[in-house]
Amino acid sequence: MNRLGEKLLIAFSWISGITLVSVVFFIVGHLIFKGIRAINLKLIFGETRPLDALLLRKQVFHGLFPAMMGTFLLVVLSVGLAAPVGLASGIYLAEYAQGKVRKIVNFFFDILATIPSIVIGLTGFSVAVFLHQHYSKQIYPCLLISSLSLSFLVLPYIIRSTQVSLESLPLNTRLTALALGGTRVQNILYVLVPQSLSGILSGLILAIGRCAEDTAVIMLTGVVATAGLPRSVLAPYEALPFYIYYISSEYSSPEELLTGYGASIILLIICMTLFLFAFIVKRRIIWQTFYHL
Amino acid sequence: MINIPEKAAEKLFLLPTVISIAITIGIFGFMLLLGLPLIIRGGHFLNLLAQSWAPGSGLYGIYPMIVGSLSIASLSLVFAFPLSLGCSVLISVVGHEVFGRFLRGVVQLMTGIPTVIYGFVGVFLLVPRIREIFQRGSGMCILSASLMLAVLISPTMILFFTDSFDHVPKSYGQAAEALGASKGQKFLYVTLPCAWRGVLTGLILAGGRALGDTLIALMLAGNAIQIPGSVLDSARTLTSHIALVFAADYESLEFKSIFACGMSLYLLATLLVLGARGLWHRNEGEK
Amino acid sequence: MNKPVKIRTTNLCFSYYNHPVLQDVTLQFFENSLTAIVGPSGVGKSTFLMTLNRLWEEIPGARMKGRIEIKFNGSFHDIYARSYSLPQLRRAVGMVFQVPNPLPMSIFKNIALPLKLAGIRDRSLISYKVEQALKRAYLWEEVKDRLTDSALKLSGGQQQRLCIARALILEPEVLLVDEPTSSLDGKAASVIEELLLSLREHCTILAVSHYWDQVKRIADVVVELSNSHHQSNIYHHQKPQPV
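Bear in mind the structure is a predicted one, so any value in this text is a computation, not a measurement.

Asker: Can you explain the overall build of chain B? Please cite residues and give values.
Answerer: When you go through chain B residue by residue, the secondary structure sums to 11 helices and 2 strands. Counting helices and strands in the order they occur from the N terminus, chain B gives α-α-β-β-α-α-α-α-α-α-α-α-α. Along the longest, intermediate and shortest principal axes, the C-alpha atoms of chain B span 70 × 70 × 35 Å. The buried share of chain B, reckoned over its 287 residues, is 56%. Counting only contacts in chain B whose residues sit at least 6 apart along the sequence, the fraction spanning at least 24 positions is 69%. If you sum the accessible surface of chain B, you get close to 11,800 Å²; carbon and sulfur atoms cover 66% of it. Taken as two groups, the 18 positive and 14 negative side-chain charges of chain B have centres that lie 3 Å from each other.

Asker: Any chance you could break down the overall build of chain A for me, citing the residues and the numbers?
Answerer: Broken down by element type, chain A carries 14 helices and 0 strands. Of the regular secondary structure in chain A, the N- to C-terminal order runs α-α-α-α-α-α-α-α-α-α-α-α-α-α. Overall, chain A is about 70 × 65 × 35 Å in size when its C-alpha atoms are taken along their principal axes. Of all 293 residues assigned to chain A, the portion counted as buried reaches 59%. Across chain A, contacts joining residues at least 24 apart in sequence account for 70% of those joining residues at least 6 apart. For chain A, the computed accessible surface area is about 12,500 Å², with 68% contributed by carbon and sulfur atoms. The distance from the centre of the 20 positive side-chain charges to the centre of the 12 negative ones in chain A is 9 Å.

Asker: Go over the side chain of Gln160(C), please, and point to the residues and values.
Answerer: Residue and element names in this part refer to chain C. The topology assignment puts Gln-160 in helix 6 (residues 156-168). Looking at Gln-160, its side chain comes within polar contact range of the main-chain oxygen of Phe-97, at 3.0 Å. Among all residues touching Gln-160, those that are not within four sequence positions of it are Val-96, Phe-97, Gln-98, Val-99, Pro-100, Pro-180, Leu-184 and Ile-192.

Asker: I'd like a rundown of the packing of helix 1 (residues 3-35) of chain A against helix 4 (residues 97-110) of chain B, residues and numbers included.
Answerer: Their axes nearest at 11 Å, the elements helix 1 of chain A and helix 4 of chain B cross at an angle of 45°. Taken together, the axis directions place helix 1 of chain A and helix 4 of chain B in an arrangement best described as oblique. Handedness of the crossing formed by helix 1 of chain A with helix 4 of chain B: left-handed. Residues Trp14(A), Gly17(A), Ile18(A), Leu20(A), Val21(A), Val24(A) and Phe25(A) of helix 1 of chain A touch helix 4 of chain B, and the partners they reach there are Phe99(B), Phe102(B), Leu103(B), Val106(B), Val107(B) and Met110(B). When grouped by side-chain class, the residues that make up the contact of helix 1 of chain A with helix 4 of chain B number 12 nonpolar, 1 polar and no charged.

Asker: Lay out the interface of chain B and chain A in plain terms, naming residues and giving numbers.
Answerer: Each side of the interface is counted separately: chain B has 90 residues, and chain A has 87 residues. Roughly 7,900 Å² of surface becomes buried between chain B and chain A when both sides are summed, with 81% attributable to carbon and sulfur atoms. On the chain B side of the interface with chain A, the three residues burying the most area are Phe13(B), Phe120(B) and Arg277(B), jointly 9% of the side's total. Where chain B packs against chain A, one counts 1 salt bridge. One salt bridge in this structure joins Arg277(B) and Asp110(A), with 2.8 Å as the shortest N-O distance.

Asker: Please set out the nonpolar core residue by residue, giving values where relevant.
Answerer: Met219(A), Tyr118(B) and Phe120(B) are the most contacted members of the largest nonpolar core, which has 178 residues in total. Met219(A) has contacts with Phe242(A), Tyr245(A), Leu215(B), Leu218(B), Ala243(B) and Phe246(B), leaving out every residue within four places of it along the chain. Judged by nonpolar contacts, the second largest core, of 38 residues, contains Leu178(A), Phe14(C), Ile68(C) and Leu176(C).

Asker: An account of the interface of chain C and chain A is requested, with residue identities and associated values reported.
Answerer: Accessible area lost upon the coming together of the parts serves often as the stated size of an interface. Opposite the 21 residues of chain C that make contact, chain A presents 16 residues. Applying the counting criterion to the chain C and chain A interface returns 0 salt bridges. At the boundary of chain C and chain A, one finds 3 residue pairs in polar contact (both at pLDDT 80 or more). Among the secondary structure elements, those contributing two or more residues to the side of chain C that touches chain A are helix 2 (86-92), strand 6 (93-96), helix 3 (107-117) and helix 6 of chain C. The element best represented in the side of chain C that touches chain A is helix 3 of chain C, accounting for 4 residues. Residues of the side of chain C that touches chain A, tallied by class, amount to 14 nonpolar, 2 polar and 5 charged.

Asker: Before we move on, can you summarise the pattern of salt bridges with the specific residues and values?
Answerer: One pass over the full model with this rule turns up 23 salt bridges over all chains. Ionic pairing is found between Arg136(B) and Asp233(B), a salt bridge with its closest N-O pair at 2.7 Å. Here the residue Arg136(B) occupies a position in the loop between helix 5 (115-134) and helix 6 (142-167), and Asp233(B) occupies one in the loop between helix 9 (215-220) and helix 10 (238-245), the gap between them amounting to 97 residues. Residue classification places Arg136(B) among the partly exposed positions, given a relative accessible area of 42%. Owing to a relative accessible area of 17%, Asp233(B) belongs among the buried residues under this scheme. Residues Glu58(C) and Arg90(C) are paired through a salt bridge, measuring 3.5 Å at the closest nitrogen-oxygen approach. In this pair, Glu58(C) is assigned in the loop between helix 1 (45-52) and strand 4 (62-72) and Arg90(C) in helix 2, connecting sequence segments 32 residues apart. Looking at Arg90(C), the relative accessible area reads 3%, which means it is buried.

Asker: Give a description of unusual backbone geometry that names residues and reports values.
Answerer: Residues and elements named next belong to chain C. Unusually for a residue other than glycine, Arg-54 sits at a positive phi of about 60°. When you line up the elements, Arg-54 lands in the loop between helix 1 and strand 4. We classify Arg-54 as buried; its relative accessible area is 12%. A positive phi angle, near 40°, is found at Glu-179, a position not held by glycine. Along the polypeptide, Glu-179 turns up in the loop between strand 7 (174-178) and helix 7 (186-199). Given a relative accessible area of 9%, Glu-179 falls into the buried group.

Asker: Would you mind going over helix 6 (residues 117-134) of chain A in detail, with residue names and values included?
Answerer: For helix 6 of chain A, which comprises 18 residues, the first-to-last C-alpha distance of 26 Å matches the rise-based estimate of 26 Å (1.5 Å per residue) to within 8%. Within helix 6 of chain A, 13 of the 18 residues are buried, leaving the element largely enclosed by the surrounding structure.

Asker: Kindly report on a nonpolar patch on the surface, identifying the contributing residues and their values.
Answerer: All names here are of chain A. On the surface, Leu-81, Leu-144, Leu-148, Val-233 and Leu-234 cluster together into a nonpolar patch covering about 350 Å² of accessible area. Counting through the fold element by element, Leu-81 comes out in helix 4 (residues 65-96). A relative accessible area of 37% means that Leu-81 is categorised as partly exposed.

Asker: Residues and numbers for the packing of helix 1 of chain A against helix 3 (residues 63-94) of chain B, please.
Answerer: At a closest axis distance of 7 Å, the pairing of helix 1 of chain A and helix 3 of chain B adopts a crossing angle of 110°. In this view, helix 1 of chain A runs roughly perpendicular relative to helix 3 of chain B, as classed from their interaxial angle. Mapping the contact onto sequence places Ile10(A), Phe12(A), Ser13(A), Trp14(A), Ser16(A), Gly17(A), Thr19(A) and Leu20(A) in helix 1 of chain A and Pro82(B), Leu83(B), Gly86(B), Cys87(B), Val89(B), Leu90(B) and Val94(B) in helix 3 of chain B. Each residue belonging to the contact of helix 1 of chain A with helix 3 of chain B can be placed in one class, and the counts come to 10 nonpolar, 5 polar and no charged.

Asker: Which residues make up the environment of Ala151(C), and what values do they have?
Answerer: Residues and elements named next belong to chain C. As for its placement among the helices and strands, Ala-151 is situated in the loop between helix 5 (140-143) and helix 6. For Ala-151, a relative accessible area of 0% puts it in the buried group. Sequence separation between Ala-151 and Ser-106 is 45 residues, and the spatial gap between their C-alpha atoms is 5.2 Å. Ignoring any residue separated from it by four or fewer positions in sequence, one finds Ala-151 in contact with Pro-102, Leu-103, Met-105, Ser-106, Ile-107, Asn-110, Gln-159 and Leu-162.

Asker: Which residues make up the sheet that holds strand 1 (residues 5-16) of chain C, and what values go with them?
Answerer: What holds strands together in a sheet is hydrogen bonding between their backbones, with the strands either parallel or antiparallel. All names here are of chain C. Taken in spatial order, the 4 strands make up an open sheet running 2-1-4-5, and their pairing is antiparallel. Looking at the sheet topology across the chains shown, the edges are occupied by strand 2 (19-30) and strand 5 (75-78). With strand direction ignored, the average angle separating the axes of adjacent strands in the sheet is 10°. Both strand 1 and strand 2 contribute to a ladder of 8 bridges, which runs antiparallel. Among the inter-strand pairings, Ser-15 is bridged to a residue of strand 2, identified as Pro-20. Taken strand by strand, helix 1 contacts strand 1, strand 2 and strand 4, and its axis lies near 120° from that of strand 1.

Cut-offs used in this document
Residues numbered from 1 in each chain as written. Chains lettered and ligands numbered in written order. Predicted model: local features only at pLDDT ≥ 70, side-chain atom pairs only at ≥ 80, totals over all residues. Heavy atoms only, no water. Helix = DSSP H or I, 4+ residues; strand = E, 2+ residues; numbered from the N terminus. Buried < 20%, exposed > 50% of the residue type's maximum accessible area, 1.4 Å probe, protein only. Contact = heavy atoms within 4.5 Å. Areas by Shrake-Rupley, 256 points an atom, 1.4 Å probe, with all protein chains shown as cover. Lys, Arg positive; Asp, Glu negative; His and termini not counted. Charge placed at Lys NZ, Arg CZ, Asp CG, Glu CD. Polar contact = N/O pair within 3.5 Å; in protein donor to acceptor, adjacent residues only side chain to side chain. Axes fitted to C-alpha atoms, helices over the stretch in contact; angles between N-to-C directions. Parallel < 35°, antiparallel > 145°, perpendicular 65-115°, else oblique. Left-handed = near helix turned anticlockwise from the far one by under 90°. Nonpolar A, V, L, I, M, F, W, Y, C, P; charged D, E, K, R; others polar. Buried area = accessible area lost by both parts, 1.4 Å probe. Salt bridge = Lys/Arg side-chain N within 4 Å of Asp/Glu carboxyl O. Core = buried A, V, L, I, M, F, W, Y, C linked by side-chain atoms within 4.5 Å. Expected span 1.5 Å × (residues − 1). Patch = residues over 30% accessible without salt bridge, like charges linked within 9 Å, V, L, I, M, F, W, Y side chains within 5 Å. Pairing = 2+ DSSP bridges.

Right, dumping it as structure tokens:
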């Protein structure tokens, strides 16, 4: 390799780096430039007084409040459902599974992590239809079905972050309680899990972010463009990412499009905040959670 | 002090694991169960994959969607791969103190940007430009979707590439440096040969993300059911097909076709996992 | 040596991933004495300690053959017998590691952890035992006013004494000590040496050490493991009498 080749390689890497950074800035800049005007209380609450809306005294029309609440409920329910299952599976994988069993379990969780979200959404939808036909005519795609499906989607995140943070504990720490006469369960509950809390937490935050941003799963399982606040978990609901998708194809006026930009900025802020939070809690885990093989 | 007997505790942790695995298998089971009528009618699953889509003459093959998915995903890899390789070289090899770190930060943040936002910006920023530049159609085409998808999958690749570069033992590089190798030579003759499995694994995983993504293709590729003739043609992916047809009549055969799409996607995911695991584990074994 | 035997090992073999570490080790250890285990690094000294509280079972790839018996309540027990309770064994055979390993919790909670693990809930009993253990480990005076501080704030020597106190709180009959001073400076090391000598009254101590001068100062018996031709050779030395 001669000097020219060397220079070309370095020049190429600089061009790539600058291109990528400019693209990201262009995308975010475009959103902010076009949408910053829309960011105000009216965007969220419409004509309703914010306090009335927050206390659920009055319905919000022409505002993002129902969509934001929908996303919030979705996140709480999905992560609430996925967390116990994911934590326990992660603990099993890190502390109990061995040899062949461990390989097989790992393989299935890799598949679960790779299944496209729309396929998980389709499964959720099919489950709803199945229940509708065989159990109760009351069951339609709804908040509960969406949350269940989303919990499948984020399960691998929680499993992996739990597993990786447990496995990365030094042998010294692992042996401490055992050498003092602790049983295996005691070691897990009193030493290992408390010691890997930051990793587990950051996995949970990533799962929250994934629930907040996903569109493909919810569009098949019960999200709608206008529903107001969901009356129960068996009712349809609104959500921020779906609202953005809906506006992009169905907007009827520049004002409506503007709310789409506003919603995008809000969603971006929510996801970036969650991401930074997870990042600060545990840097390394993020990367391993995404790409554990 | 809780005193759970050891055996019971293991079972307690095993149960959710079994549930999670059952879900993974169950997803495929549901696809198979519900897509069965179409598969029986189409004769053979493989037939269905090769058939064209002509509901008028009773053909519900998903061949056009498979072509759509593969062409959009591979074109996005064509755009994203050199870009990602360049970025990882800048981060790991050139190692510019300020910009290298900054770039790594930006890339990590990018993994947190919602997909729907890429789609949204694509509709209003990219599609009109493509339409103006090429003066053809609406601008909703394979090219638009692939470009945006390339931005989405780049972080996956860059993070994987830099990690495998960083895992090449320092002593190898030092040995090359002692022989008078420049940074570029060190990269080409030492780092890349040691890290190629990692690079390939990153490529596979990024391909998986591209194939599995719904929103970008749905919003930017135009969704026409046809075998595309050029990158400026509209196309429909397997994922978009599911999203678009799911509103149809539940009992129709048209509807059943989305389960064939689901199954194909599931099987593709399994293949990718097998490939990535094979490469990665052999990689680990060598070290 | 006229003290009664406390521990005996018979034909002990040990390997990691089929790589032999210990071969055919047959040894005896005496009650209320301090036995130093010496030998070149990699010869399996730490591994040998871990066979006595079965801690090696937690390490992947490890395999053991042979028989180990320890005398509890006047009779010898095979500690690898199926019926033998593992937590109970580890409570009777305490262990101190090479690098101090306090957990990131308060000093008090660290010392009280073994009691918590053993299911003891009586607050006043716990306080009393913690104080006793700290006193026996020569740490009480230094930490009595800051028991709620994090244990990680202590110096290296203090952390090691904290770990000894933690191992002592269950009043073990055997104490395994793996190079307890290797990460400490001279002054902290001599405090630990003095402490170990005083503990001999209550328990049988097995200490791995690298330093011959240290061994001469503290050991009653010296066992040397060497690893020529994959055969663990053992040399017994009586402690050199001070002139």
